[in-house]
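# Residue-level structural notes
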Amino acid sequence: MDNLVIEGGAPLSGTIRIHGAKNAALPILAASLLADESVTIGNVPNLLDIEVMLDILRDLGCKARHQDRVVTIEPATVTSGHIPETLMRKMRSSVFLMGPLLARFGEVHLYQPGGCAIGERKIDLHLRGLAALGAKIEEKGSRIICSAKKLKGAEISLDFPSVGATENIMMAAVLAEGRTTIIGAAREPEIQDLQQFLNKMNARVSGAGTDTITIEGVSSLNGCEFEIIPDRIVTGTVMVAVAATRGEVTIERTCPAHLTSLIHVLRRAGVQIDIGSDIMNVSAYKRTKAVDRVVTSPYPAFPTDLQAQVMTLLAISDGVSVMKETIFEGRFKHVDELCRMGADIRVDLNSAFIRGVPQLYGSTVRASDLRAGAALVIAGLAAQGCTVVEHVHHIDRGYDRIEEMFTQIGGNIVREAYKSRVYS
Ligand code: UD1
């Protein structure tokens, strides 16, 4: 387990390129199981979650290689639809394999992924969607067995636009007989990326990006080459860090159109943002202003995955801000850590009331989950003095060497082994 040691106070400046999106890559890697031929996927980031997904694919019998951010998968050799419990527990996103394995083998055995640091994270919508396509679902304790002789297209209405459930149903339905319509689908850019990938393999999916997705089943899918979209949450993390350190950074190889809600919040806080089609310039030369109400909601509204990072900025902005978390119930774990650094934040149920302080101060803090960890790194970059962020493995799940990313644009941040700092 590593620590990040951050010497705060340096305004970020320079140019940075954004790596591929974890949340697009994970379902796309799972969907590659649907092809009869080999699949090559570019711009796949080097992240812990990606490596776990590749390990699961190998365990299922696939040949999978990841080199220079290019993944090659040969799915023809897959022999089993059984996801081992140990790998399932390592990463919640292994649920994405349900749809493709069911479509390919007619049977999948897996385990309830259970809750995680940010909330309960049920999979009932995934299971109901697959059942609507004709799968028989048996739950034996934490073990789940889904089976179907032949999946049949259906009209499926989601009570909530779950990202994972939408993706799982899309992946199961591409090889089903007839037409599937998902009503109330999630609209995230990662779902549009999955549609593009499936269609490159010759699937017939349309409507991603709207709340109704239609899938016309086909009998087989071919191999393809594909490029993952830039990570909007990593882009947003950099934008917030630039604002918090009062710097100026040009962000390249990104997609500003995926960040409209964040851009709106940051502009309200007084951050200057100039936008091109795949480039952005972000600058903030004075203290940012409070933003009265930021509410997380499904895309295109403000993303829960940027709530913690923006809270760090609001913690040092002038005035009182309110943030409301409506997606996950356990997503305020960064609050106590920010308060240890001098922030003044009070939580009441799913709302946080943030009274901006002029300055945060370096401290030893602990990442409880991926985005909470990123928020603490931003706090460390903006704070006066030295901050140590512990439990960096959470951050490594979604940021490809975060210390190198910020060092490139002037952050003073190094990684060191956990023991050397804490016990020496
Ligand atoms: C995905 C993202 C995650 C992001 C989240 C919300 C990936 C790999 N992860 O997670 O980074 O924070 O979207 O934007 O893409 N729910 C149910 N039943 C279900 C499914 C979900 O009740 O069957 C609830 C969840 O508990 C949660 C909410 O719906 O409260 C949102 O979950 P969902 O959209 O499914 O998020 P994920 O796909 O898990």
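Residues numbered from 1 in each chain as written. Predicted model: local features only at pLDDT ≥ 70, side-chain atom pairs only at ≥ 80, totals over all residues. Heavy atoms only, no water.

Below, the discussion takes up the domain arrangement of the chain. Under the domain assignment, the chain is made up of domain 1 (2–18 + 230–417) and domain 2 (22–227). Summarising the inter-unit geometry, the C-alpha centres of domain 1 and domain 2 are found 30 Å apart. Contacts between domain 1 and domain 2 engage 23 residues on the former and 19 residues on the latter. Counting the surface lost from both domain 1 and domain 2, the interface buries some 1,800 Å², and carbon and sulfur atoms represent 52% of this. Our count for the domain 1 to domain 2 interface comes out at 3 salt bridges. (Domains from an automatic or database assignment. Contact = heavy atoms within 4.5 Å. Buried area = accessible area lost by both parts, 1.4 Å probe. Salt bridge = Lys/Arg side-chain N within 4 Å of Asp/Glu carboxyl O.)

This paragraph deals with the layout of surface pockets. In this structure, the second largest pocket spans a volume of roughly 240 Å³. For the lining of the second largest pocket, the elements supplying multiple residues, two or more each, are β2 (13–17) and α14 (402–408). Of all the elements, α14 adds the most residues to the lining of the second largest pocket, at 3 residues. Split by residue class, the lining of the second largest pocket holds 4 nonpolar, 3 polar and 6 charged. (1 Å grid on protein atoms, 1.4 Å probe; cavity = no way out; pocket = protein on both sides within 12 Å on 5 of 7 lines; lining within 4 Å. Points joined across faces, edges and corners; volume = space filled by probe spheres on them. Helix = DSSP H or I, 4+ residues; strand = E, 2+ residues; numbered from the N terminus. Nonpolar A, V, L, I, M, F, W, Y, C, P; charged D, E, K, R; others polar.)

Across all of its chains, the model carries 1 aromatic pair by this definition. Consider the rings of F197 and F226, whose centres lie 5.4 Å apart with planes at 70°: the pair is edge-to-face. Of this pair, F197 sits in helix α7 (residues 189–200) while F226 sits in strand β13 (residues 225–227), placing them 29 residues apart in sequence. Of the residues examined, F197 reaches a relative accessible area of 0% and is grouped as buried. (Phe/Tyr/Trp six-rings, centres within 6.5 Å; stacked < 30°, edge-to-face > 60°. Buried < 20%, exposed > 50% of the residue type's maximum accessible area, 1.4 Å probe, protein only.)

As a further point, take the side chain of D231. Mapped onto the secondary structure, D231 falls in the loop between β13 and α8 (232–245). At 5.3 Å, R371 is the nearest oppositely charged side chain to D231, a buried residue that forms no salt bridge. From its side chain, D231 meets the backbone nitrogen of I233 in a polar contact 2.9 Å long. Dropping the residues within four chain positions of it, D231 is found in contact with I18, H19, G20, A21 and K22. (Lys, Arg positive; Asp, Glu negative; His and termini not counted. Polar contact = N/O pair within 3.5 Å; in protein donor to acceptor, adjacent residues only side chain to side chain.)

Another aspect to go through is the site of the ligand. Contacts to the ligand come from 19 residues, most closely from D124, L125, S162, D305 and I327. R92 is positioned with one of its side-chain polar atoms (N or O) 3.4 Å from an oxygen atom of the ligand. A distance of 2.6 Å separates a nitrogen atom of the ligand from a polar atom in the side chain of D124. Protein burial of the ligand: of its 740 Å² of free accessible surface, 86% is covered by the chains. When residues of the shell around the ligand are traced back to their parent elements, those giving at least two are α5 (124–132) and α6 (163–173). At 3 residues, α5 tops the list of elements feeding residues into the shell around the ligand. (Near = heavy atom within 4 Å. Areas by Shrake-Rupley, 256 points an atom, 1.4 Å probe, with all protein chains shown as cover.)

Generally speaking, a soluble globular protein has its nonpolar side chains buried in company with each other. Counting 81 residues, the largest nonpolar core has L97 and L198 as its most contacted members. If you tally residues by element for this core, the top one is helix α1 (residues 22–31), at 7 residues. The next biggest cluster of nonpolar side chains, apart from the first, holds 68 residues, and it includes I6, L266, V365 and V389. (Core = buried A, V, L, I, M, F, W, Y, C linked by side-chain atoms within 4.5 Å.)

The subject of this paragraph is the sheet that holds strand β14 (residues 248–252). Sheet strands pair by backbone hydrogen bonding; their relative direction is either parallel or antiparallel. With respect to topology, 4 strands assemble into an open sheet ordered β2-β14-β16-β15, the strand pairing being mixed. The open sheet has two edge strands with one neighbour each: β2 and β15 (272–275). Between one strand and the next, the sheet's axes are offset by a mean angle of 15°, whatever the strand orientation. Relative to strand β16 (residues 279–283), β15 runs antiparallel, the two sharing 4 bridges. (Pairing = 2+ DSSP bridges. Axes fitted to C-alpha atoms, helices over the stretch in contact; angles between N-to-C directions.)

Attention now moves to the environment of F302. Looking at the secondary structure, you find F302 in the loop between β17 (294–295) and α10 (307–315). Expressed as a C-alpha distance, the spacing of F302 and V335, which sit 33 residues apart in the sequence, is 19 Å. With residues up to four places along the chain from it excluded, the contact list for F302 reads S261, L262, V265, V294, V295, T296, S297, Q307, V310 and M323.

With that out of the way, let us pick up the pairing of strand β7 (residues 136–140). Both faces of the sheet carry side chains from a regular strand, because those side chains alternate between them. For β7 and strand β8 (residues 143–147), the ladder comprises 5 bridges, and the chain directions are antiparallel. Directly across from E139, in β8, lies its bridge partner I144. Counting the residues in the hairpin turn of β7 and β8 gives 2 residues, including G141, whose phi is positive at 65°.

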